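Breakdown of the fold
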Amino acid sequence: MNAYYIWNLKPNEPNNLPPLKYIKENSKYVDNSYLLGPNEINKEVQSYPDNKVRELWNRIPWWIVKSDLSRLLVIYNNGGFYFDVDCKINKNFKNQIGNHKCILFTEKILPNTNNLGPREDKSPERVLRIANYAFGCTSPKHPFIKDVINESIRRLTKMLNEGNNKLQDTDVLWIAGPDVITSVYHTHKNKYSDILLLDKSYATNIGFGSWRN
């Protein structure tokens, strides 16, 4: 089971080293760890079978959206697990996987949906939010990840067509961040019998850096 991390998509990020501490600590739970940069991510974009992704990629003006979309492409193309470089695995989850092929982690459970962004569905079950700082599949090309990518592309296309290059935080979350994986999970979870949702005790985002900075 491989783990993938992404670094250096943020402007001026080469000036800072990633927090290797968590990558090293997490290595006891995975077989191999890979740190991917822009060159590797461009290859993943080119490897994705949908031309729409390749057409849109160079039009995306926001590095954080590229980061969110690229992690989905990496796991779709390769299988394995994506973790943020500041994500700490708290305990072994391998023995929980069993026959499940797509493994998700709970980010948080909100008291209500009132604070969700204006574009988000606020039905009551969506207080349960799915993390995009940790997720994975036991093999490539899982259709749930494809559903998430397709929804991200739909949202991204809508945002680009609106012509506003300045995103609000809620827009970032909505386009390809945790809002989109949460939305697809709640909309399509009954379509898949092989999704495992782990509670938030299994992985924590330490918050080494913030895309809001």
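My aim in this report is to walk through the structure given alongside it, one point at a time. (Residues numbered from 1 in each chain as written. Predicted model: local features only at pLDDT ≥ 70, side-chain atom pairs only at ≥ 80, totals over all residues. Heavy atoms only, no water.)

A look at the pattern of salt bridges
In total, this model carries 14 salt bridges according to the counting rule given. The partner of Arg129 in a salt bridge is Glu120, with the nearest N and O atoms 3.4 Å apart. Pair check on accessibility: Arg129 and Glu120 agree, each one buried. When the shortest N-O distance is used, the salt bridge between Glu151 and Arg154 registers 2.6 Å. Taken together, the positions of Glu151 and Arg154, both in helix α6 (residues 143–162) and 3 residues apart, correspond to about one turn of that helix. By relative accessible area, Glu151 is classed as buried at 18%. Assessed through its relative accessible area of 46%, Arg154 is described here as partly exposed. A cluster of three or more residues bridged by salt bridges with shared partners is formed by Glu120, Arg129, Glu151, Arg154, Arg155 and Asp179. (Salt bridge = Lys/Arg side-chain N within 4 Å of Asp/Glu carboxyl O. Buried < 20%, exposed > 50% of the residue type's maximum accessible area, 1.4 Å probe, protein only. Helix = DSSP H or I, 4+ residues; strand = E, 2+ residues; numbered from the N terminus.)

With respect to helix α4 (residues 63–78)
Taking 1.5 Å of rise per residue, the 16 residues of α4 would be expected to cover 22 Å, and the 22 Å separating its terminal C-alpha atoms lies within 8% of that figure. In terms of burial, α4 is largely enclosed, as 13 of its 16 residues are buried. At the exit of α4 stands Gly79, carrying a positive phi of roughly 70°. (Expected span 1.5 Å × (residues − 1).)

What to know about the packing of aromatic side chains
Summed over all chains, the structure comprises 9 aromatic pairs. With 6.4 Å between their ring centres and 65° between their planes, Phe83 and Phe105 make a pair best called edge-to-face. One end of the pair, Phe83, is in strand β3 (residues 80–83); the other, Phe105, is in strand β5 (residues 102–109), and 22 residues separate them in sequence. Neither Phe83 nor Phe105 differs from the other in exposure class; each is buried. (Phe/Tyr/Trp six-rings, centres within 6.5 Å; stacked < 30°, edge-to-face > 60°.)

Focus on unusual backbone geometry
If you check the backbone angles, Asn8 has positive phi at about 85° while not being a glycine. Residue placement: Asn8 occurs in the loop between β1 (2–6) and α1 (20–26). Residues other than glycine seldom take positive phi values, yet Lys141 does so here, at roughly 65°. When you line up the elements, Lys141 lands in the loop between β6 (128–137) and α6.

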